[in-house]
Every structure is written in structure tokens, then in C-alpha cells.
Amino acid sequence: MCARDGCFIVPPRVLRRLAEDESIPAETRQAMRDCAAVEEAWRGLRNAQTEAIQISLLASGITTLQVAGVLASVPAITVYDCKNTRSLPGSPVSNPARSADITAKRAFDTTRGVVDFYRQCFDRNSVDDAGMTLMSSIHYGVRYDNAFWNGAQMTYGDGDGQIFLDFTKADDVIGHELTHGVTQFTAGLDYSDEPGALNESVSDVFGAMFYQWRKSQTVAQADWLIGADLMGPVAGTKGYTCLRDMAQPGSRHCLSPQPSHYRDYVSAGDPHENSGIPNHAFYLAAKAIGGRSWEQTGKVWYAALTSPEAYRLMTIAEFAALTRAAARSLFPRDANVYRGVDDAWTRVGIPRSRHSDATSGPLHH
């Protein structure tokens, strides 16, 4: 069952909070209210899509690790223009790679970048690992303050121009949302409680890695912010520099502050909030291991997400156990990788258990 807040880069609770802030222009507050009202319908569709895909894979006897052999095509990338309506997918944009509409061109180019990132770094062919066409709809709604993956495609709002800018401006946001598609076709994580927190965290982690990969940043050079390129002038005036910060999840400069330790986990809380715990674990591991995040730490996280032991109700501790096991199996001659992963989870309140290094562990499908 889906949690209160769905699979969107901006949590609806943040939109509702901003809609009540009388220091924000009235037109912007109305845009926030309108955006929050749209979310529930898309939430249900995305969850239905994920459940159908998982059932289909099980019924056909195809595991998520075998899907790659089904179709080996290079994924097509298509862009549609909603023309400020809420009708999806909208009108097709011909040749979006050369479009005069900068939003269409950005959506195409950055989606192609995400495809290249997953192929080059993780040998993955599109979100389903089978060359799935990646469809994007732009100019959704009027001053729509969000971006989302609905289980079948991407959708981007133009933002209100004051708190949020055009949502195609942020590489990490596009990487985040398309990674919800990867999760849908792998672990199929539920969207409530701890699996929901993991679901959101995996998207932040791979969104951050994609941003760093595109800029050729090391873990030391990266700022570890999520959504910094979305922030409009009013957000800056109010002191907000990002949606979330993986290095300092609870900082006041975040529009959506998060806990960074498991003792502060909110039972039945918003997945966008609780995802700060595994987010911070990835940050700590990457900083300890060093280099470029996607080369070692990212491969550990990807191996855990795509493990046969990953499943839709996986807890944070079970995911941590899979990363610890993956660190040992992928980098047996580099003890620094395991130490970095193990210490990171311990520091956020997920210590080793006697099952931590087992590949099977205490998982129940």
C-alpha cells in the first residue's frame, strides 16, 4: 500500500507547508496547492505499474537479472509537450535533440545521459535492462511544481519560477526519477515504511551519482545536494539551497530536512524524510572509500538493489547487509571498501548482525 506521499521529487508535505507560508507570493502558494492536489491519482498508477511488473516477471519465470537477455535494443528516447495541460503524454516533439524549446532539448539530452550512465557504469540497458523506450512529457500543467515517474514515463512541470524553476534543469532530479523505474524493475520496493525510505534513498543516491558522473566529480569535489539547480529566487531569499543534503540531512538550508540516524526514524513516516538515513550512509561510505562514487560505492549499492535477495518489503538493515556482502564479494582485495560500507551503516545506527555478510541473510520473499 502506498504511503501518504507518492513518488515525486518534491514531497507533497513540503508543497503544503509552502502553500501556507504567507511570505511567499500568492500566485506561488496557489501553484503549490494545485500541485499537491494532483499527486494522489499518479501515486496509485505508479504502484499498480510496479506490482504488475513484479507479478509478470514472477509468472513468466524471468528474474530481474535475466531481463537483459529478452531485448538488447538501444532505448529510444521520446519527448512530448503537454502545452500546460494535464493531459498525458501530450503532443510529440519532433527531433527533440535539436528542438528550439530548451526544455524539450534538456529532457532529451539528460535522459540520454542517464541511459549512458547506467550502461557505462552498471552495464544496464535502460530502466528495465531490456532497452525500454524512455518517454518524457514536458510543460505539464500551469506552474506545476514537481517531476515524477508514473510507472511508465517521466513528467516535468515548469515550476512556479519563484520557489522552483523548470524541473528539467536539475540532472540529479532526472536521475532520481528515472531510478524509480530501475527500482520498479529490480527490487520492486514498496512505498511505505522502511522499504519506502529505501526506495526514495536509492533514487537520491543514483541521482547524486549521475550528477557527479556528468560533471566528472570526485566524492571530495561533490556538494552532495539534491535539487540545488531547482531553487528559484524566493527560495534563495528564504535561505533554501536545495531539497535535500546527503552530507547534512537535517540542515536548515534544506527544503525537506531529514534524519541522519536510525534512532530518529519516524515509524510510518514519509519515505522522503526517512530516506535521509540510508542517504547519509551512502555519503559516509563514498567519502571513506574515496575516488568517484560510481566506481566502487555505487557498484556496491547497485549490486544490493539488483540482488536476488532484494525484495519489496526489505528493511534498511537487510539492505545494509546486502551492501556489506556486496562490498566483500565485489572488492575482495580492497578491504577499504568493506570497511567504508560497514562503518557508514554503523554510524547511522545499523550495526553488523551475524547475518550481515551472508548472501542469503534473513530475507523472506
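Note that the structure is a prediction, hence the values are computed from the model and not measured.

(A) Geometry of unusual backbone geometry. Note that the residue after leucine 88, namely proline 89, is joined by a cis bond; omega there is 5°. Note that proline 89 resides in the loop between strand E1 (77-81) and strand E2 (91-92). Phi is positive for aspartate 123, which is not a glycine, with a value near 55°. Mapping aspartate 123 onto the fold places it in the loop between helix H3 (102-122) and strand E3 (134-138).

(B) The arrangement of the pattern of salt bridges in detail. Under the counting rule described, the total for this entry stands at 12 salt bridges. A salt bridge links aspartate 166 to arginine 106; the shortest N-O distance between them is 3.0 Å. With aspartate 166 in the loop between strand E5 (154-156) and helix H4 (171-184) and arginine 106 in helix H3, this residue pair connects regions lying 60 residues apart in the sequence. Arginine 347 is the salt-bridge partner of aspartate 343, the closest N and O atoms lying 4.0 Å from each other. With aspartate 343 and arginine 347 both in helix H11 (residues 335-347), this residue pair falls four residues apart, about one helical turn. Aspartate 343 gets classed as partly exposed once you look at its relative accessible area, which sits at 38%. In this structure, a network of salt bridges that share partners links the residues Arg324, Asp342 and Arg352.

(C) Up close: the nonpolar core. Counting 100 residues, the largest nonpolar core has Phe117, Phe164, Phe206, Trp301 and Trp345 as the members making the most contacts within it. Looking at this core element by element, the count peaks at nine residues for H3. Beyond its immediate chain neighbours, meaning those up to four positions away, phenylalanine 117 contacts Phe122, Phe206, Met209, Phe210, Trp213 and Trp294.

The rules we used
- Residues numbered from 1 in each chain as written.
- Predicted model: local features only at pLDDT ≥ 70, side-chain atom pairs only at ≥ 80, totals over all residues.
- Heavy atoms only, no water.
- Helix = DSSP H or I, 4+ residues; strand = E, 2+ residues; numbered from the N terminus.
- Salt bridge = Lys/Arg side-chain N within 4 Å of Asp/Glu carboxyl O.
- Buried < 20%, exposed > 50% of the residue type's maximum accessible area, 1.4 Å probe, protein only.
- Core = buried A, V, L, I, M, F, W, Y, C linked by side-chain atoms within 4.5 Å.
- Contact = heavy atoms within 4.5 Å.

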